Each structure stands twice: as structure tokens, then as C-alpha cells.
Amino acid sequence: MKACSKALLTALINGGLAFVLMVLVEFAVSGTLHVTEPYLWAGLLVCLVVFVAQFLRQRHLCRSCDN
């Protein structure tokens, strides 16, 4: 459970930062603050990838600390 909560927090932070960065780049390029659907999907994909990677890492760390 501890590994899941840490992984979820890390994933949400990184996904949110990736989404904000994409929106800022869109604003810098086009001059309008227009959020499109691919940005939302990309942010969710970043969250998912980071969550899986961090969950596996945290689970490994928790298991190695128990031994």
C-alpha cells in the first residue's frame, strides 16, 4: 500500500507538470491558450507510465528493506 501511494503521488505530479508544460508550449507557439484532447491523453499517458515505473521501483525498495 505504501508503494502504491508514493507511486500515485509521483505519477500525478509528473503528469500534471507534463500537461502544464504542453499547454505552455502551445501558448508560446500559437499565442492562444487552447487545450486540445491530445494534450489530455498525453498527460494521462505520462501519469500511467510514471505510475507503473514508480510502483515497481517502490515495491522493490520496500521488499529489499524488509529483508
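Refer to the preceding data block for the structure.
Residues numbered from 1 in each chain as written. Predicted model: local features only at pLDDT ≥ 70, side-chain atom pairs only at ≥ 80, totals over all residues. Heavy atoms only, no water.

Peer 1: What's the story with the packing of aromatic side chains in this structure? I'm lost.
Peer 2: How two aromatic rings sit relative to each other is given by the distance of their centres and the angle of their planes. A complete count under the given rule lists one aromatic pair for this structure. Taking the centre distance of 6.0 Å and the plane angle of 20 degrees together, the rings of Phe 51 and Phe 55 count as stacked. Note that Phe 51 and Phe 55 are positioned in helix H2 (residues 37-66) at a spacing of four residues, about one turn of the helix. (Phe/Tyr/Trp six-rings, centres within 6.5 Å; stacked < 30°, edge-to-face > 60°. Helix = DSSP H or I, 4+ residues; strand = E, 2+ residues; numbered from the N terminus.)

Peer 1: Looking at this structure, I do not really get a nonpolar patch on the surface. What am I missing?
Peer 2: Nonpolar side chains collect at one region of the surface, where Leu 45, Leu 48, Val 49, Val 52 and Leu 56 lie side by side and expose about 450 Å² of accessible area between them. With respect to the secondary-structure elements, Val 52 resides in helix H2. (Patch = residues over 30% accessible without salt bridge, like charges linked within 9 Å, V, L, I, M, F, W, Y side chains within 5 Å. Areas by Shrake-Rupley, 256 points an atom, 1.4 Å probe, with all protein chains shown as cover. Salt bridge = Lys/Arg side-chain N within 4 Å of Asp/Glu carboxyl O.)

Peer 1: Which parts of the structure should I look at to understand helix H1 (residues 2-30)?
Peer 2: Owing to its 3.6 residues per turn, the α-helix brings residues three or four apart onto one side. In this model, H1 (29 residues) spans 42 Å end to end at C-alpha, consistent with the 42 Å of a helix rising 1.5 Å per residue. Within H1, the full set of buried residues consists of Ala 3, Ala 7, Ala 11, Gly 15, Ala 18, Val 23 and Glu 26. (Expected span 1.5 Å × (residues − 1). Buried < 20%, exposed > 50% of the residue type's maximum accessible area, 1.4 Å probe, protein only.)

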